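Listed below, chain by chain, are the residues.
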Amino acid sequence: MSGRASRIASLFAGLCAASLAGCAGPQSVFSPASDQARWLHGLFGLMLWVCGIAYLLVLAFLAVALWRARGALAETPITEPHDGRLQWGLRAWAALIVAGLLTLAVASFLVDRALAGAEPRGDPSVRVTGQQWWWRIEVKDPASGRWVESANELHLPLNQPTPVEVVSADVIHSFWIPNLSGKIDMVPGRVNRLTITPRQLGWVRGQCAEFCGLQHAQMALDVKVDSPADYAAWVARQAAPAAAPKDPVAARGLALVQDGTCGQCHALRGTAAAARAAPDLTHIAGRRFLAAGAAPLTRGSLQGWIAQPQALKPGAEMPATGLSPRDAEAVAHYLEGLT
Amino acid sequence: MPNRAAGKPDVRLAAAGRRVAVGLFAVLLAACSVEKRDVGPSPPGSAPSGPNDPREKHYTTNFYEMSEGGRLFRWIGCDRCHAEGAPGFRNLADAQWRQGGSAPQIYASIAHGAPGMPGYDGLLTPQQIWQLAGYVHGLQEVKPNMRRRNADAQEGEPSGATWSGGLR
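The rules behind the values
Residues numbered from 1 in each chain as written. Chains lettered and ligands numbered in written order. Predicted model: local features only at pLDDT ≥ 70, side-chain atom pairs only at ≥ 80, totals over all residues. Helix = DSSP H or I, 4+ residues; strand = E, 2+ residues; numbered from the N terminus. Rg over C-alpha atoms; globule rule 2.2 N^0.38 Å. Buried ≥ 20, exposed ≤ 12 C-beta atoms within 10 Å, placed from the backbone. Contact = placed C-beta atoms within 7 Å. Nonpolar A, V, L, I, M, F, W, Y, C, P; charged D, E, K, R; others polar. Pairing = 2+ DSSP bridges. Axes fitted to C-alpha atoms, helices over the stretch in contact; angles between N-to-C directions. Core = buried A, V, L, I, M, F, W, Y, C linked by C-beta atoms within 7 Å. Domains from an automatic or database assignment. pLDDT = per-residue confidence, 0-100. Parallel < 35°, antiparallel > 145°, perpendicular 65-115°, else oblique. Left-handed = near helix turned anticlockwise from the far one by under 90°.

Within chain B, the secondary structure is distributed over seven helices and zero strands. Reading the helices (α) and strands (β) of chain B from amino to carboxyl end gives α-α-α-α-α-α-α. Taken over C-alpha atoms, the radius of gyration comes to 22 Å for chain B, far larger than the 15 Å a tight globule of 168 residues would show. Summarising its shape, the C-alpha atoms of chain B cover approximately 80 × 45 × 35 Å along the three principal directions. Counting every position in chain B, which comprises 168 residues, the buried fraction comes to 24%. For chain B, the proportion of contacts with a sequence separation of at least 24, taken over those separated by at least 6, is 73%.

Here it is, written out as structure tokens:
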């Protein structure tokens, strides 16, 4: 019997370990990588401990009471005799509850204060706009003071408080990078701000956290925390115009992009394509993902996306352009060179 | 037993009420078709086959297609010339048509241009031009205050090469 019980116990422990292993990763509140996420994670841990201990104590006392009163129901007196130890026990219990709730209130107040203290005082240097179903990224180029546009991939400098401004162009979205910050809604007609102070280098993943339409699930934001030097290099790279085509096929691709359907919605700085409705393609090949995380950015997925976007992301605003396979290949070849 | 029950006036009334309710529900369900949209792989579409193209009804009555036309209208930058209350022939909501007001005729005007306006054939896909034609065709039936509300809701979206920076 005890062998079976220990087998069940080890299975339970194994399952707990497996579910905990799912907690870490690039999109998880359990591996905080910024000051703000760490404060929130600490508050969550404290709440879990306080509430967990209170819950276990209640269950334990209930079990003891049930055990002590077994078979004694018929003899229960109608009036309780005065019990000094019970009086003290109840007072101690009330004090414990007050202490627990005070701990939570004070901790919550301190975290709120810390988050508010980190609120941006100056101008934002990053602006993110939620659109169906992608993220418009604008960063301020410190060299020229101008806003530089990109899409779906956000870089942040390590150890620097970065004020971020979030807005929406159409419906309500929610900006959420679990490892770096709490959620903040992107509400049409309103500017919301938050500050992120990243403390760990590397890639993390953001996700729209407010249902915003058909492709809400495939509205992911790829986020990279860079060293300050890498960040400056990234901003400078984004600020540069699109690379010139290197061969005749790429040149044909460029001609198709700026004189055809693509240029009616997309912009490629340095070319005639200047529309703003769709993601900026100036440095599309420098990103890791295509169509807000719908596919990794490879030559194959580029070509598939151009040929039939509705197969990869049904309902997306990009139409099937009807380019001939040869033309689509030229366009993909050109875009592939835009690092 | 059923005959006696059917003879009672309140039971007859209840049965009639049920029939009316079922009928109303069927009418409601039938209205769903104007919201219907197809998702998934789709060909880019093709130009109207003539004045009686069977797709005309779909693009001029389906709310999704018409609202997509409305979004494109701003995204492509049509609103810069054809703004609300634009003078003369640039006003698309006044039910006065120079080149015909049916959806296939509007399609032709968008695709091949008009005096003073470039053609968009090859710049937009046929499906997009259909959506725009459906939207423009429906403008005259939309009351000005509703058009203004739509314009307000689209204030944060880009228009051609200009973008004001989201709704704020």
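On we go from here.
One frequently used descriptor of interface size is the decrease in accessible area upon assembly of the parts. Chain B puts 25 residues into the contact, and the matching count from chain A is 27 residues. Residues of the side of chain B that touches chain A, tallied by class, amount to twelve nonpolar, eleven polar and two charged.

A few words now on the sheet that holds strand β4 (residues 153–157) of chain A. All names here are of chain A. With mixed pairing, three strands are arranged side by side in an open sheet as β4-β10-β9. Of all the strands in the sheet, the pair left with one neighbour each is β4 and β9 (202–207). Between one strand axis and the next, the sheet turns through 25 degrees on average, direction left out of account. Taken strand by strand, helix α4 (residues 228–239) contacts β4 and β10 (220–226), and its axis lies near 140 degrees from that of β4.

Counting residues in each nonpolar core, the largest one holds 85 residues, and the members touching the most others are Val257, Ala292 and Val331 of chain A together with Tyr107, Ile129, Leu132 and Ala133 of chain B. Two domains each provide a minimum of three residues to this core, namely domain 1 (26–225) and domain 2 (248–335) of chain A. In contact with Val331 of chain A, not counting residues within four places along its chain, are Gly253, Leu256, Val257, Ile306 and Leu323 of chain A.

Residues and elements named next belong to chain A. Pairing between strand β2 (residues 134–140) and strand β3 (residues 147–151): five bridges, direction antiparallel. Paired with Lys140 across the strands is Trp147, a residue of β3. Counting the residues between successive antiparallel strands, the hairpin from β2 to β3 contains six residues, one of them, Gly145, with a positive phi of roughly 75 degrees.

Before going further, it helps to spend a moment on the confidence of the model for chain A. On average, chain A scores 89 in pLDDT, and the residues at 70 or more come to 93%. Mean pLDDT across the secondary structure elements of chain A bottoms out at helix α1 (residues 2–21) of chain A, with 70, and peaks at strand β6 (residues 173–175) of chain A, with 96.

Residues and elements named next belong to chain A. Spatially, β3-β2-β1-β5-β8 is the arrangement adopted by the five strands of the open sheet, whose pairing is mixed. Each edge of the open sheet is held by one strand with a lone partner, namely β3 and β8 (192–196). For this sheet, the mean inter-axis angle between neighbouring strands, taken without regard to orientation, is 25 degrees. Packed on one face of the sheet, α4 meets β2 and β3 and runs near 90 degrees to β3.

Residue and element names in this part refer to chain A. Viewed as axis vectors pointing N to C, helix α6 (residues 299–307) and helix α8 (residues 325–336) meet at an angle of 135 degrees, and their least axial separation amounts to 9 Å. Here α6 lies oblique to α8, going by the angle between them. Crossing of α6 against α8: the hand is right-handed. The residues of α8 that touch α6, namely those facing Arg299, Leu302, Gln303, Ile306 and Ala307, are Ala328, Glu329, Val331, Ala332, Leu335 and Glu336.

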